[in-house]
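The chain contents come next:
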Amino acid sequence: MSTFKVDSIAGEVPTDVINLPNKFKVGGNTIEQGYTASATEPSSPNEGDFWWDTANSKVFRYINGGFKDVGATGYSPTIAWGGSRALFAGGNVGSNTSSDTIDYVSIPTQGNAADFGNLLEISREIGTGSNSNRAFFAGNNNSNRDKIEYVTVATTANSADFGNLTEQKMRVAAGVMGDGTYGLISGGWNTSAYSDVIDRVTIATTGNAIDHGDLVAGTDDFAGLSDATHAVTGGRGGNGSRLDTIDYVTIATAANAIDFGDISANVDGVCGASDATRGLFMGGLSNASFIDYITIATPGNSTNFADFVAGGNENSDGYTLSGCASSNGVRVVYGAARWENSVGSTVHNNTIQFLVVQTIANATDFGDLTLARFDCGGASGSAI
């Protein structure tokens, strides 16, 4: 048997890809690069195969009889207030009945949601925030409307008590508002009037909220979103009619909100989500599947982004509202919405859709929640 020392193998052109159709062996092992994307470990791997774990957004390689974590994750979060795992918490499941269910999905990988755990009590119309590690859920439609709960996003489990808001309220701004350090809970219905109160919590430290300032006007059923500096709210105003108002505040500095601009239409039942620079207002416009966008650092009016896909069982004049959304800094997932027609017929929906924030295009089907509902709270964080 002859031995050849080979320093390099190149094609006719040095940059050519080398194809070895009959494989070759290293240390007696046949080397053929394999790749599997799945939520469970592949059953018959070969030495050197890669496995993309879709349930946890991690990469493994099969080495010496086992899959080894190579320390790489997909869609690394570019925002401190989100991550690759999205949570859908609570919601209205029909006849004004609320749920305590928390579902989760991996934002980079389309598929159906799985059970995460439960809220401390049945809830809907709640505000949310995240520091990537921890997500909180604030306010609800039940007796304890000042309650704040939290979960560790990487660990499937029931929520725990965080503290209390400065007032009891529900229908607060729908969407994550915070910079990864502070979380804001804005507006809502405080049992007797539309609230203009903006509360603030330090997400890493359990405790009661403190007063941050006031909205331009008392508001409920509206959207919230943020970048690393500003929190923005938009949608319905406190007189009960659909409005196009957008307000904003500086997250780290306690102060009242100021005018940002206007949404392109009067909307309610709208929610928000963002990447590091662009914010989306989603749902709520009669007879359309409404999505608008803004550049968060630049006050001004919003611009139409695209549309949601058909809900499957709504009438031809159907539209979506009262959903919830979250982001990993690249994609936004939107779900737990209701579809309505022009005469007010309601269809609960378990559909999840997604958008790429920087790509203006219609939403794409993502998968399904574990149960149909609307008015949930959406947040995201790291899965590891």
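Residues numbered from 1 in each chain as written. Predicted model: local features only at pLDDT ≥ 70, side-chain atom pairs only at ≥ 80, totals over all residues. Heavy atoms only, no water.

Things to note about the overall build of the chain
So, point 1. Tallying secondary structure elements over the chain gives zero helices and 32 strands in all.
So, point 2. Looking at the chain as a whole, 54% of its 384 residues qualify as buried.
So, point 3. Looking at the chain alone, contacts between residues at least 24 apart form 52% of all its contacts between residues at least 6 apart.
So, point 4. Accessible area of the chain: about 15900 Å², with a carbon and sulfur share of 46%. (Helix = DSSP H or I, 4+ residues; strand = E, 2+ residues; numbered from the N terminus. Buried < 20%, exposed > 50% of the residue type's maximum accessible area, 1.4 Å probe, protein only. Contact = heavy atoms within 4.5 Å. Areas by Shrake-Rupley, 256 points an atom, 1.4 Å probe, with all protein chains shown as cover.)

Let's talk about empty space enclosed by the protein
So, point 1. Counted under the stated rule, the structure contains six cavities of 30 Å³ or more.
So, point 2. Every residue lining the largest cavity is counted, 14 residues in all, and those nearest its centre are V172, A174, D221, V270 and D375.
So, point 3. Of the residues in the lining of the largest cavity, the class split is seven nonpolar, three polar and four charged.
So, point 4. Approximately 70 Å³ is the volume attributed to the second largest cavity.
So, point 5. Forming the boundary of the second largest cavity are I79, W81, V176, G272, A273, S274, A325, S326, S327 and S380.
So, point 6. When residues of the lining of the second largest cavity are traced back to their parent elements, those giving at least two are β22 (271-274) and β27 (324-327).
So, point 7. Taken together, the residues of the lining of the second largest cavity break down into five nonpolar, five polar and no charged. (1 Å grid on protein atoms, 1.4 Å probe; cavity = no way out; pocket = protein on both sides within 12 Å on 5 of 7 lines; lining within 4 Å. Points joined across faces, edges and corners; volume = space filled by probe spheres on them. Nonpolar A, V, L, I, M, F, W, Y, C, P; charged D, E, K, R; others polar.)

Digging into the nonpolar core
So, point 1. Ranked by internal contacts, the top residues of the largest apolar core, which has 17 residues, are L280, M282, F305, A325, V332, Y334 and L355.
So, point 2. If you list the elements that add at least two residues to this core, you get β22, β23 (278-282), β24 (290-295), β25 (303-307) and β28 (331-335).
So, point 3. Beyond its immediate sequence surroundings of up to four residues, L280 is in contact with L225, C271, G272, A273, D292, Y293, F305, V332, L355 and V357. (Core = buried A, V, L, I, M, F, W, Y, C linked by side-chain atoms within 4.5 Å.)

A few points about the sheet that holds β25
So, point 1. The strand order across the open sheet formed by four strands is β22-β23-β24-β25, and the pairing between neighbours is antiparallel. Strand pairing shows two members of the sheet lacking a second neighbour, β22 and β25, which therefore form its edges. Going across the sheet, the axis of each strand differs from the next one's by a mean of 30°, ignoring polarity.
So, point 2. Two strands pair when backbone bridges link them, and β23 and β24 are joined in this way by five bridges, in the antiparallel orientation. From the neighbouring strand, G279 faces β24, where its bridge partner is I294. (Pairing = 2+ DSSP bridges. Axes fitted to C-alpha atoms, helices over the stretch in contact; angles between N-to-C directions.)

Here we look at the pairing of β23
It is a general feature of regular strands that their side chains alternate between the two faces of the sheet.
So, point 1. Burial analysis of β23 places five of its five residues in the buried class, the great majority of the element.
So, point 2. What you see with β23 is no split at all: R278, L280 and M282 on one side and G279 and F281 on the other are buried throughout.
So, point 3. Pairing of β22 with β23 involves four bridges; the strand directions are antiparallel. Bridged to G272 within β23 is F281.
So, point 4. What sits between the antiparallel neighbours β22 and β23 is a turn of three residues.

Quick notes on the pattern of salt bridges
So, point 1. With the rule as written, the count across this model stands at four salt bridges.
So, point 2. Put simply, D103 and R373 hold a salt bridge, and the shortest N to O gap is 2.8 Å. Of the two residues, D103 is situated in strand β9 (residues 97-106) and R373 in strand β31 (residues 364-373); the sequence distance between them amounts to 270 residues.
So, point 3. Here E125 ties to R124 by a salt bridge, and the two come within 3.9 Å at their closest N and O atoms. Judged on exposure class, the residue E125 and its partner R124 are both buried. (Salt bridge = Lys/Arg side-chain N within 4 Å of Asp/Glu carboxyl O.)

A few points about the state of the cysteines
A covalent bond bridging the sulfur atoms of two cysteines is what the word disulfide describes.
So, point 1. Per the stated rule, a full pass over the model turns up one disulfide.
So, point 2. What pairs with C324 in a disulfide is C376, and their sulfur atoms sit 2.0 Å apart. Here C324 and C376 share a disulfide; its torsion about the S-S bond, -55°, makes the bridge left-handed. Residue C324 is found in strand β27, and its partner C376 is found in the loop between β31 and β32 (377-381); the two are separated by 52 residues along the sequence.
So, point 3. The buried category is assigned to C324, whose relative accessible area is 2%. (Disulfide = S-S within 2.5 Å.)

Structural notes on the sheet that holds strand β11 (residues 127-130)
So, point 1. Taken in spatial order, the four strands line up as β11-β12-β13-β14 in an open sheet, and their pairing is antiparallel. In this open sheet, the two edge strands, each paired with only one partner strand, are β11 and β14 (160-164). The mean inter-strand angle of the sheet, taken between neighbouring strand axes irrespective of direction, is 25°.
So, point 2. Bridge count between β11 and strand β12 (residues 134-138): four bridges; the pairing is antiparallel.

Here's the deal with the confidence of the model for the chain
Fine structural detail should not be taken from predicted coordinates in areas where pLDDT scores are low.
So, point 1. In the predicted model, the chain carries a mean pLDDT of 84, and 81% of its residues have values of at least 70.
So, point 2. For the chain, the element scoring lowest by mean pLDDT is strand β2 (residues 29-31), at 64; strand β17 (residues 210-214) scores highest, at 97. (pLDDT = per-residue confidence, 0-100.)

A short note on the side chain of H212
So, point 1. Along the chain, H212 turns up in strand β17.
So, point 2. Apart from residues no more than four positions distant in its own chain, H212 is found in contact with L184, I198, D199, R200, V249, T250, I251, T253, A254 and A255.

Some remarks on the environment of R338
So, point 1. Locating R338 in the fold gives a position in strand β29 (residues 338-340).
So, point 2. As a C-alpha pair, R338 and S322 span 16 residues in sequence and 6.3 Å in three-dimensional space.

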